[in-house]
Amino acid sequence: MPTTTRQWLLNGHPRGRGIEIENDFKLVTTELGDPAPGEMLLKLHYLGFDPAQKGWMENIADYVAPMAIGDVMRGSGIAEVVASNGGRFAVGDMLFGTTGWTEYLVTDGKELTKVETEISPTAVLSVLGTTGLTAYCGLFKVGKPVAGDTVLVSGAAGATGSIVGQLAKIAGCRVVGIAGGQDKCDWLVREAGYDAAIDYKADNVKAQIKEHCPRGVDVIYDNVGGKILNDMLACIATNARVVICGGISRYETGSLPAGPENYFNLVFRRGTMAGFIVLDWASEFPGIRKRLEGFVKDGSLKYQEDIQHGFENAPQTLQRLFAGLNRGKQMLKL
């Protein structure tokens, strides 16, 4: 059994700027204690990455505990039980949940869940993990689409956005995505089944929305914020529902985005706009995971995983999210 482990610690709060890999993280080797009664020793196999992690580093999000300099970087992972002192899981079990950026972990496992899926185990961090759950809950609990609605998704080629669009198609909606680059737009239409895709790097976004959504947009699922949200709000239909999931446009600056310029369209169109935190539906996660897995198994839901390699590359892997380099769920294999 190992007596030490490498860990990445938080070394800076990147407020008002992008992440600085050299300064915001510190790689250390630390002693591992023996598992106390009821505890287990876990070996990490994969780490998962989400844009929200920058908000955690900044302490801008109050729905999670603040992070102090010197804390193990917070994040999700898949880990194997390699030793147990009467712990709640057996040696050899694979678990997932919040683990932090560490190669080994001693824990009672109360916040972790056993990996039980008939598809790839890594799916518990992507389509069956926070990514898929966020897509499902934001769309159906907040957006409440009905068959025939037009659904518009920003950040549509990202891990969450790509699932949102496919779930909306399953629900009988017309789905339009906004993404950066022709190749991402092509993937949305050819592989993810979107009805149309708009390249925000090349097209006049507002004009393209009006072309592809001639009756207006019934449900907006926004992962971006900023100017793109303004353009989407300019095109809403009567009784539209606007779901605010993320704001990746703000992550490089660190400041919260200015209020949307076209928000008064919510008055003219009798629309609603709401944010959400997926943890509010935690009691429903097991059932939602089964539903999502069923969609994957019957071929109606496709997902992508972008897997980098090497624990020492964890900071660079997180940075990929903000450079638009990832295709689907960003992960790291240790």
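Residues numbered from 1 in each chain as written. Predicted model: local features only at pLDDT ≥ 70, side-chain atom pairs only at ≥ 80, totals over all residues. Heavy atoms only, no water.

Asker: Quick question: what am I supposed to make of the overall build of the protein here?
Answerer: In terms of regular secondary structure, the protein is built from ten helices and 15 strands. Against the compact-globule benchmark of 20 Å for 334 residues, the protein has a radius of gyration of 20 Å, which places it among compact chains. Summarising its shape, the C-alpha atoms of the protein cover approximately 65 × 45 × 35 Å along the three principal directions. Relative to its full complement of 334 residues, the protein shows a buried share of 52%. Summed over its atoms, the accessible surface of the protein is roughly 14,500 Å², and 50% of this surface lies on carbon and sulfur atoms. Looking at charge distribution, the protein has the averaged site of its 34 positive side-chain charges lying 5 Å from that of its 37 negative ones. (Helix = DSSP H or I, 4+ residues; strand = E, 2+ residues; numbered from the N terminus. Rg over C-alpha atoms; globule rule 2.2 N^0.38 Å. Buried < 20%, exposed > 50% of the residue type's maximum accessible area, 1.4 Å probe, protein only. Areas by Shrake-Rupley, 256 points an atom, 1.4 Å probe, with all protein chains shown as cover. Lys, Arg positive; Asp, Glu negative; His and termini not counted. Charge placed at Lys NZ, Arg CZ, Asp CG, Glu CD.)

Asker: Help me understand the pairing of strand β1 (residues 4-10) in this model?
Answerer: Every other side chain in a regular strand lies on the same face of the sheet, so the side chains alternate between the two faces. Burial analysis of β1 places five of its seven residues in the buried class, which makes it a mostly covered element. Bridge count for β1 against strand β2 (residues 25-31) is seven bridges, and the pairing is antiparallel. If you follow Thr4 over to β2, its bridge partner there is Glu31. (Pairing = 2+ DSSP bridges.)

Asker: Looking at this structure, how should I read the pattern of salt bridges?
Answerer: It is possible for side chains bearing opposite charge to pair when their charged atoms get close. As enumerated under the stated definition, the model contains 14 salt bridges in all. For Arg17, the salt bridge goes to Glu20, with nearest N and O atoms at 3.9 Å. With relative accessibility at 25%, the residue Arg17 sits in the partly exposed group. Here Lys169 ties to Asp195 by a salt bridge, and the two come within 3.0 Å at their closest N and O atoms. (Salt bridge = Lys/Arg side-chain N within 4 Å of Asp/Glu carboxyl O.)

Asker: What should I look at first to understand unusual backbone geometry in this one?
Answerer: Backbone geometry follows two general trends: most residues other than glycine have a negative phi, and most peptide bonds adopt the trans configuration. With phi around 45 degrees, Lys144 is a residue other than glycine that occupies positive phi space. Following the sequence through the fold, Lys144 ends up in the loop between α3 (130-143) and β8 (150-154). One non-glycine residue, Asn239, lies in the positive phi region at around 65 degrees. With respect to the element layout, Asn239 can be found in strand β12 (residues 236-244).

Asker: Just checking my understanding: could you explain the domain arrangement of the protein for this structure?
Answerer: Many analyses report the size of an interface as the accessible area lost when the parts associate. Considered domain by domain, the protein is made up of domain 1 (4-126 + 303-333) and domain 2 (130-279). Each side of the interface is counted separately: domain 1 has 22 residues, and domain 2 has 15 residues. A buried area of about 1,600 Å², summed over both sides, lies between domain 1 and domain 2, and 52% of it is on carbon and sulfur atoms. For the interface between domain 1 and domain 2, the tally reads one salt bridge. With its nearest N and O atoms 2.6 Å apart, the salt bridge here joins Arg327 to Asp183. Taken together, domain 1 and domain 2 are joined by four residue pairs in polar contact (both at pLDDT 80 or more). Counting residues per element, the ones that place at least two in the side of domain 1 that touches domain 2 are α2 (52-58) and α10 (314-322). (Domains from an automatic or database assignment. Contact = heavy atoms within 4.5 Å. Buried area = accessible area lost by both parts, 1.4 Å probe. Polar contact = N/O pair within 3.5 Å; in protein donor to acceptor, adjacent residues only side chain to side chain.)

Asker: Just checking my understanding: could you explain empty space enclosed by the protein for this structure?
Answerer: Regions of empty space are outlined by a rolling probe, equal in size to a water molecule, passed over the atoms. Enumeration over the complete set of coordinates arrives at one cavity of 30 Å³ or more. Roughly 30 Å³ of internal volume is contained in the largest cavity. (1 Å grid on protein atoms, 1.4 Å probe; cavity = no way out; pocket = protein on both sides within 12 Å on 5 of 7 lines; lining within 4 Å. Points joined across faces, edges and corners; volume = space filled by probe spheres on them.)

Asker: Got a minute to help me understand the sheet that holds strand β11 (residues 217-222) in this structure?
Answerer: Strands pair in a sheet through their backbones, by hydrogen bonds, and they do so in one of two ways: parallel or antiparallel. Across the sheet, six strands lie side by side as β10-β9-β8-β11-β12-β13; this open sheet has parallel pairing. Two strands in the sheet have a free side with no partner beyond their single neighbour: β10 (196-199) and β13 (272-275). Ignoring which end each strand starts from, the neighbouring axes of this sheet average 15 degrees apart. Here β11 runs beside β12; their pairing, made up of five bridges, is parallel. Of the residues in β12, the one forming a bridge with Val217 is Ile236. Each of β8, β11, β12 and β13 touches α3; the most contacted strand, β11, lies at about 145 degrees to it. Packed onto the sheet, helix α4 (residues 159-170) meets β8, β9 (174-179) and β11 and runs at close to 170 degrees relative to β8. (Axes fitted to C-alpha atoms, helices over the stretch in contact; angles between N-to-C directions.)

Asker: Got a minute to help me understand α3 in this structure?
Answerer: Residues spaced three or four apart along an α-helix point in a common direction, a consequence of the helix completing one turn every 3.6 residues. With eleven of its 14 residues buried, α3 lies for the most part within the structure. When we look at burial in α3, the residues that qualify are Thr131, Gly132, Leu133, Thr134, Ala135, Tyr136, Cys137, Gly138, Leu139, Val142 and Gly143. Residue Lys144 follows α3 closely and has a positive phi angle near 45 degrees.

Asker: What exactly am I supposed to notice about the side chain of Asp218 here?
Answerer: Relative to the assigned elements, Asp218 resides in strand β11. Of the side chains with opposite charge, Arg215 comes closest to the buried, unpaired Asp218, at an N-O distance of 4.8 Å. In this structure the side chain of Asp218 is engaged in a polar contact, spanning 2.8 Å, whose partner is the backbone nitrogen of Thr150. If we ignore the near neighbours within four places in the chain, the residues touching Asp218 are Gly148, Asp149, Thr150, Ala237, Ala240 and Arg241.

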